[in-house]
Every structure is written in C-alpha cells, then in structure tokens.
Amino acid sequence: MPPQPSLTHFLCIPLVTRSSRPQLTSSLASFREQVTSPLSGFNVPEEAIRPVGSLHLTLGMFSFPGEKTKTNNSNLSGDAASTSLSAAVAAASGQGEEESEDRLEKAKVILQSLRPKEILRAFKPPPAMPGSTATPPLVEQKEQEEIKITLQGLRSMQSTTPTKSAVLYAPPADPQGRLQQFCEGVRKVFLDAGVMVPDHRPLLLHATIVNTIYVKGRNRQQQRGRGGHGHGRNNRRERLTIDANSLLDQFEDQVWMEDVRVEKIAICKMGAKKIEVDGVVVDEDPGPGAGAGSVIAAPPRAALGGGGSRTSSPAPPDEYRNQQRQDGNTRAKDSTPTSSTSTTNTTPPPSEQSLNIHHLQQQLVEKTNRISHLERELLLMESEFTRELDKLSRSESETSSFWQAKYSSLNQQYLRTDTELRLLRSEQQQQANSSSEKSQNQERERQEQQQQEREALFRSRYESLARQLRERDDEIRTLQGQIRGLKEWVSTSTRSDGTAQTSDEVFGEGMARLGNSLQNWVLVNFRRAKIEISKSNEKTLDELGRLVPMYENLASTSKIHLIQSLVSQILVEHVFDAYFVGLSSELSQQFTQMETFLASFASSPEAINQWRSMTLGIVKKEADQKMQNETAGIIESVISKVNTLLDTVTDIKASEGRDQALRALVSSAIELSRLLVVQRAIFKVSMPELLPHQQTMFDPSTMEDIGGEDEDSLEEREICCVTFPGIIKRGDESGGHLQYRNVISRARVLCSPE
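Residues numbered from 1 in each chain as written. Predicted model: local features only at pLDDT ≥ 70, side-chain atom pairs only at ≥ 80, totals over all residues. Heavy atoms only, no water.

## Some words on unusual backbone geometry
No. 1: Phi is positive for Asp259, which is not a glycine, with a value near 50°.
No. 2: Here Asp259 lies in strand 9 (residues 255-261).
No. 3: Look at His737: it is not a glycine, yet its phi comes out positive at around 50°.
No. 4: Relative to the assigned elements, His737 resides in the loop between strand 17 (726-730) and strand 18 (741-745).
No. 5: What makes His737 partly exposed here is its relative accessible area of 41%. (Helix = DSSP H or I, 4+ residues; strand = E, 2+ residues; numbered from the N terminus. Buried < 20%, exposed > 50% of the residue type's maximum accessible area, 1.4 Å probe, protein only.)

In structure tokens form, the structure reads like this:
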C-alpha cells in the first residue's frame, strides 16, 4: 500500500469577515460560557473550543512537502504571502522542493484564474412551487451571483456514536444546495488540474466548533515486558471524547452567524497561528495564505453580483515590485569592481535617492490608507454594537412587561383558588361536625373486619405457597439422587469388570476447589506484601527463574498472580508429577520399569492402564496408614520450599497459621493426585510453559482467562502468567482409545493487555 502524502496546505472559504466577526464572537462566547461551566454538566474542556479566527469551510487538501515557505502574514487572502513565497522559490534547492514549489505555483495560478460567477451561474435552482410569488429578474440575477452563508445547529463528526464524540461542528444552512454545488465546482477545478490530493468521500462542509485534540495531557505510555531483556514499551495516543447527546439537543437550533456573504477563497498552510495577549491565547489565525486568494466579493464596486463585473485576482503589491528593483540595483552595484585607491562616498546617487524617496512616499500612502481602513472598521463595529445594544434594550423591556403581566395573572388565580379552598374546608368541617357517632363506629368496625379478612387470606396463601415450595425442593432432591444413581449405574454397566471409576465432574469440582483455596490463601497472607527481588541471593533468583521464567515482568504489576504461579508450579512438580505420592523414589522407579516391561508384551495400552489402575488402587487403600510418614515428609518439604522462596522475595515472614492453612492445601492436592492416578484413563495435570523469548498465545479450549475479558476478544492474545494448572484426560474409562482427548479443567491464565 503506497504511503499517504503529507498534507501541507488546504483550500478553504474563510468565515471571519467584518460582518461575521461580531456574530461569531458573540455566539462562541455564549457557547463557551454555557458548556465550560462546572454547573452546566456538559464537561467540555475550554481548550477544545476553537477560536473565532480559525473558523473556515475546507474544500480540499494539498500536499507540497518540499515547500519551506515561512510567512508572518495572517491574512487568508494571501496577497502579502506572495512576497514570502517568491523569496522562498528563489532560495529553494533540490529537485523535490522545486517540484513541490512548481505545483504550489500552479495551484496559485489556478486560484487566480477562477471565475466564481460562472460556477454560480451553472447552478440550477429547484422549480418554483405552484402558487408561489415569482422573483423579479434583477433580484433573481443578483441572488444567483452572490453566496451568503448561515451557520445553524451543532452536529458530531462521530454521528454513529455521539457518546464518544471528539469533534463537533456547525453545518451551513443550504436548503437549495447552492453552496454545496459551488464548493464542489471549485474543488473539481483543482482536482482536474492534478494539484489537489484526491478524496473520494463526499464533500462535508463544516465549521469546527469543538475539537478535543487541542486538550493537553492526552498522551499515555504503557510499559510491557517482552523480548530479549524482558522489557518493552508501547506508546499509545488516546483521544479525549465527550458525551455530546445533551449538547446536540441543546444547540440543535443555534444560529452562529446569519446571511454572511462569501468574500474570499484562499489556499492556506497547515497549522494555526496563535494570537496571544498578555500570555493568554485569545484567537487563532487558521494559517497563512500560500497563494493569492481569488476574491469572490471585492469591496465595494467589484462585488460579486453588484454590477456583473468579473472576479479578478489581486496583483502583488507595489512594495514587492519596489523591493525587486532595489535587489536588482544592489546586485548591479556590488558586481562593479572598485579601485583600491578610491575614497568611499556615503552619499547615494541621485537616481537611487529619488527611488528611496518614492519608496518612502508609497509606504506613507499605504500606512495612511491602512489607518483609514481601520477607522472605517471601528465606526462600523461601533454602529453594530449600538444597534445590538438597542435591540437588547427593547428585548429586555418586552421581557419585563411579559413577566409583569404573567405575575399579575398568576396572583389573581392564586387568590381565587385560595378563596375556593377556604370554602371547601368550611363545608368539610360542617359535614364532619354533623355526622353522628354511630356512623363513625360502623365505618371503623367495617374497616377492621376488612383488615382481618385480608390478613387471614394472606396467611392461608402464604402457607399454601410455602408448602408447595417444600414439595418442589423434595422433588428436586429426589431427582438429583436418581440422576446420580443413574450415572453410577451407567458408569458401572459399561465396564467389563464392574468396578466403579470416578466421574470427570468430580475431578473438575476438586480442581476448582483446590484453585480457589490457593487463591484465598495467597490473598489472606500476601495481600499487603511487597516484592523485594533486589534483596534476594543468586540461588533464590535461579530457582525463581526456573519455576516462573517471567517473574521480573510480574513483580511490579501482578504480585498476587506471581505468588499463585510459584506455589502452583511447586505443587505440580512435587505432587501431581509424582508416580504415586508416598512411594519412595526407588519404588516409583520399580513400578515405572514394571509398567514399561509389561507394555512390551501387551498389544494395546488398555491392559497396561487397567493393571496400573488396579495396582495403585490396592496401594491407595492402605496409603493413609502405611504411607503416613512419607506423605507427611512430602508435605513438609513443599511447605519448606514455599516458605524459603516467599520469605526471601517478600517482606512477610512465615507464621504458624499460614503454614497450617498451606498444609491443608497440600493435603488436598495429594488426595486429588492419588485419585487421578488410580483411574484407567490417563489424567495429566500440567501448566502451559512460558519462556522469556517465546510467545504463548491464549487457547480457549485449554485456558481460562482470570482477567474478566470476553474470550472472543482474547484470541491470538499473548498470556503473561499461569496461576493454576489444568487437567487433560486421554482415553476412555476402560483405559483404551488413547486418541480421545478431553479437557476436564482448564488452566487459569492472565492475558497481557492490548
């Protein structure tokens, strides 16, 4: 897949003009005050609300990666940006940068050659409805030659999941589709010329109001141990999201600006320029112009639709041409050789002096025009402010009159209601006084009788339901006993010798109880323990690394799981991997050799498994009495090894209560181990092996995640710790068909986070 081009510029319609700025400033200030207040409940960070100066409608994106132009001009029209861009073209070097600058110059030429009126004339409005008033031709022609934008409403860019919104925008109101068709026409010119990055998505016109990407403190680093040294690091950028349902409902009909005429189309560089006052960001410029803007409505005579005049691109300023002439004169003067004996003349030639005077005069005229322009803007803003103030005053007066009338009406209604209430209370008191004592006693007796009847009915109903419930419980217990007997009968009747074998459910329940007991023992004794691996000796670290190879990754994040994995591994080695717990190593070796010897004579493993089941079954009957000392020695060795390791790596020392609980836990494991080895089928208790340089993936058929995640999402997820082993059965209950494999109890594992 080819790499995505880096976006450096964009084509847009700036929304901030002299007429729109007061509307946008007022709308955004009111919006900011409502949604950022702690009492509002919207919880919108103030940094996420975009400044007024950054509002625009994006039409398309450009990629000029070699263009290194820097400009200090914040005007979106791009007139003053021509000087900086031309200087950058003259100083650029390298084939890639020259190609990008050529494409940028081409985009500027296309922008200067745009004919917005022709694009507008191509728009075909929908036919008029029957009975509607016809529009005069001159008015209709004027409306077709200019565009006015109204921003209304608030929508989420994440429309399918507004509860996790990151970008909120205001769409332009465009009932006839004129603005949409015009923007698509302008965009098509640049796409057909091949200077704009292709985008097959429909053009979505929007003015961004809220964007959480500008909120600081959104980066989070997460460490994960793996690889050659058991350490790794992944950087993930999480974007802040907000629940925008209430915001969208609150500002569904919000009008941000109304009937603002489009004045410019501009090519801007990526990256807004912050405008600060006393160290506080009060506004942003959406990006310096990278080329000359095509002016749709040049004020005031050349306005679009004013007199049918064609739109023209602004030419480079005279200051830029004068600067070019000065640079040429300077280069010519520097190239003239001078004599070493000539004296330095500080007075410039007459032609150069007149040129400087002319240049200063032009600068003075430009400054004067700029001051006049700013004074006109100030007068316009003062008049708009006065008009808005008068409107607010009238609205306040009307509101005051409305609420006064409302209060007067409510007060009269209250007085009437209070009078009626007093009359009703007086009538009720008269009726209460006129009622006889006999009627009151009868009513009281009737109520008491009804209460007694309800209580008797309730008691009888309750006793009936309780009796039915007891009958159902007895029936359930009877059926459970029958099912148990049926299972035992089926298990016995399917064997040739009629001897009973323990069902798989017993092993599953026993393994689950053993795992839960181990988890409770670790939580009770090591919940507040601290892992201190740095203070352990080399011998302890070697043994710890052999039992739990990934202990370094678990020591700081999952100490409870580390201790469970350590104790489980010791139980597997000393209890579940033994031929028969209680036999000496010499006897275990002799039994193993005898089993191997018999296997050389048997034609199938079924006979060998039956021999082993019967032989070890005889041993198991007398194991509690005749192997008591050997069993006690194994239990104490397991406790000693667990205490030696945990006392070294933790800050909690062994106690009598902890050893007593561990002794009961090991005894249960020995009893379960002996019960497993006397079965004809082969039961294997095992833990998945984890190595530092290998990945062990989650297998839902043999593993059970203790992290609480959905197993469907854990496929192909690496596991970082095995806290308790599982049981896998091979063969049937007669000892044959070893190709059959059944998972009796899944191993408990902890999966690595994503």
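## Comments concerning the pattern of salt bridges
No. 1: One pass over the structure, following the stated rule, counts 17 salt bridges.
No. 2: As a salt-bridge pair, Asp192 and Lys188 come within 2.7 Å of each other at their nearest N and O atoms. A residue pair is termed a helical-turn pair when its members lie 3 or 4 positions apart in one helix, as Asp192 and Lys188 do in helix 6 (residues 178-193) at four residues.
No. 3: Across the salt bridge formed by Glu543 and Arg546, the nearest N and O atoms sit 2.6 Å from each other. (Salt bridge = Lys/Arg side-chain N within 4 Å of Asp/Glu carboxyl O.)

## Some thoughts on the sheet that holds strand 6 (residues 207-211)
No. 1: The three strands lie next to each other as 4-5-6, forming an open sheet whose pairing is antiparallel. Two strands in the sheet have a free side with no partner beyond their single neighbour: strand 4 (155-156) and strand 6.
No. 2: Strand direction decides the pairing type here: strand 5 (residues 167-170) and strand 6, joined by four bridges, are antiparallel. Bridge pairing in strand 6 links Tyr169 to Thr208. (Pairing = 2+ DSSP bridges.)

## Details of the confidence of the model for the protein chain
When pLDDT is low, close inspection of the predicted coordinates is not appropriate.
No. 1: Overall, the prediction assigns the protein chain a mean pLDDT of 78, with 77% of residues at 70 or greater.
No. 2: Segment residues 131-135 is flagged for pLDDT under 50; beyond a separation of four residues in sequence, or across chains, it makes one contact in the model.
No. 3: Between residues 287-349, whose pLDDT stays under 50, and residues either more than four places distant or in other chains, the model counts 105 contacts. (pLDDT = per-residue confidence, 0-100. Contact = heavy atoms within 4.5 Å.)

## Observations regarding helix 11 (residues 504-526)
No. 1: With 23 residues, helix 11 ought to run about 33 Å at 1.5 Å a step, and its terminal C-alpha atoms sit 33 Å apart, in line with that.
No. 2: Within the sequence span of helix 11, burial applies to Asp504, Phe507, Gly508, Gly510, Met511, Leu514, Gly515, Leu518, Trp521, Val522, Asn525 and Phe526. (Expected span 1.5 Å × (residues − 1).)

## A short note on the sheet that holds strand 16 (residues 719-724)
No. 1: Pairing within the open sheet is mixed, and its three strands lie in the order 15-19-16. With one partner strand each, in any of the chains shown, strand 15 (703-705) and strand 16 form the two edges of the open sheet. In this sheet, adjacent strand axes meet at a mean angle of 40° when their direction is disregarded.
No. 2: Where strand 15 meets strand 19 (residues 747-751), three bridges bridge the pair, whose relative direction is parallel. (Axes fitted to C-alpha atoms, helices over the stretch in contact; angles between N-to-C directions.)

## Side note on the nonpolar core
For soluble globular proteins, nonpolar side chains are generally found buried alongside one another.
No. 1: Counting 59 residues, the largest nonpolar core has Trp521 and Phe576 as its most contacted members.
No. 2: Among the elements that make up this core, the one with the highest residue count is helix 14 (residues 559-576) (10 residues).
No. 3: Other than its neighbours up to four places away in sequence, Trp521 contacts Phe526, Val567, Val642, Leu646, Arg658, Ala661 and Leu662. (Core = buried A, V, L, I, M, F, W, Y, C linked by side-chain atoms within 4.5 Å.)

## Here we look at the environment of Asn643
No. 1: Mapped onto the elements of the fold, Asn643 is located in helix 18 (residues 628-649).
No. 2: Sequence separation between Asn643 and Asp659 is 16 residues; the distance between their C-alpha atoms is 8.5 Å.
No. 3: Sequence-distant contacts of Asn643, defined by excluding residues within four places in its chain, comprise Ala654, Arg658 and Asp659.

## Section: the packing of aromatic side chains
No. 1: Evaluated as defined, the whole model comprises 10 aromatic pairs.
No. 2: Measuring from centroid to centroid gives 4.9 Å for Phe31 and Phe251, while their planes differ by 70°, and the two rings are edge-to-face. Taken together, the residues span a long stretch of sequence, with Phe31 in helix 1 (residues 20-35) and Phe251 in the loop between helix 7 (245-250) and strand 9 at a distance of 220 residues.
No. 3: The class for Phe31 is buried, based on a relative accessible area of 1%.
No. 4: Considering the side-chain rings of Phe597 and Phe601, the 4.9 Å spacing of their centres and the 70° angle between planes classify their relative orientation as edge-to-face.
No. 5: With a relative accessible area of 63%, Phe601 lands in the exposed category.
No. 6: What links up through ring pairs into an aromatic cluster is the set Phe31, Phe251 and Trp256.
No. 7: The residue whose ring lies beneath Arg50 is Tyr214, and the NZ or CZ to ring-centre distance is 3.8 Å. (Phe/Tyr/Trp six-rings, centres within 6.5 Å; stacked < 30°, edge-to-face > 60°. Lys NZ or Arg CZ within 6 Å of the ring centre and 35° of its normal.)

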